[in-house]
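# Coordinate analysis (summary)
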Amino acid sequence: MDHNKQHETSHKPIKRNEMTRRQFLSYTLGGATAFMAGGAIIPMLRFAVDPLLQKKAETAFVKAIEEKDVTKEPKSIDFKVHQVDGWYESDPKLQAFVAKGEDGKIFALSPVCKHLGCTISWSGEEAPDLYHCPCHGARYTKDGKNLKVAPKPLDEYQVKVENGWVYLGPLESNTRV
């Protein structure tokens, strides 16, 4: 390279990659917008996800009926359970059929038919000494075994007997059949 060319290239102004005013304004406004949007969206996400992160509490047993009132004939009883669903708390009224089995143990069955969810009844004209579903004619034995139409036996409540009272817990699959 000759001396003149070298002199020309060495004295050229250095080209700098400077930020223009427009770029600075775009970056500043974009960052501020993202910060404000995050401040609004993060609490909403937390609100929506928080119930999923809460540890599920054990279902408590509920006092249902005195032990002396339970017979071999199924008896329909009503009871309330305290429920927490996210931030909504309620005390829905539930029903169960409570009876003593041939073995003398107390058991409780859910009155919800396993066919389509209708409420069953015990021992009517249609089905003496059987549970009967009025919707589609499903039949169950005293222990909840499905005889007709329904694909599964009736669900059973967990039962605990203490101090002369029968306590009902969560539903589970029928263990009697």
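This text gives an overview of the structure that appears in the document.

### Considering the environment of Val70
- Looking at the secondary structure, you find Val70 in the loop between strand 1 (62-66) and strand 2 (75-80).
- In the structure, Val70 is positioned 29 residues away from Ala99 in sequence and 5.7 Å away in space, judged by C-alpha atoms.
- With residues near it in sequence (within four places) discarded, Val70 still touches Ile65, Val98, Ala99, Lys100, Ile106 and Val166.

### Focus on the sheet that holds strand 9 (residues 139-140)
- Taken in spatial order, the four strands of this open sheet run 7-8-9-10, and their pairing is antiparallel. Looking at strand neighbours, the two that pair on one side only are strand 7 (121-122) and strand 10 (146-148), the edges of this open sheet.
- Where strand 8 (residues 131-132) meets strand 9, two bridges bridge the pair, whose relative direction is antiparallel. Looking across to strand 9, one finds that His132 is bridged to Arg139.

### Notes on the state of the cysteines
- Summed over all chains, the structure comprises one disulfide.
- With its sulfur 2.0 Å from that of its partner, Cys118 forms a disulfide with Cys135. When the S-S torsion is -105°, as for the bridge of Cys118 with Cys135, the disulfide is left-handed. Highlighted residues: Cys118 in the loop between strand 6 (106-109) and strand 7 and Cys135 in the loop between strand 8 and strand 9, separated in sequence by 17 residues.
- Taking relative accessible area as the criterion, Cys118 reaches 17% and is therefore assigned buried.
- Cys113 forms no disulfide, and the closest cysteine sulfur to it belongs to Cys133, at a distance of 3.7 Å.
- The exposure class of Cys113 is buried, given its relative accessible area of 3%.

What counts, and at which threshold
- Residues numbered from 1 in each chain as written.
- Predicted model: local features only at pLDDT ≥ 70, side-chain atom pairs only at ≥ 80, totals over all residues.
- Heavy atoms only, no water.
- Helix = DSSP H or I, 4+ residues; strand = E, 2+ residues; numbered from the N terminus.
- Contact = heavy atoms within 4.5 Å.
- Pairing = 2+ DSSP bridges.
- Disulfide = S-S within 2.5 Å.
- Buried < 20%, exposed > 50% of the residue type's maximum accessible area, 1.4 Å probe, protein only.

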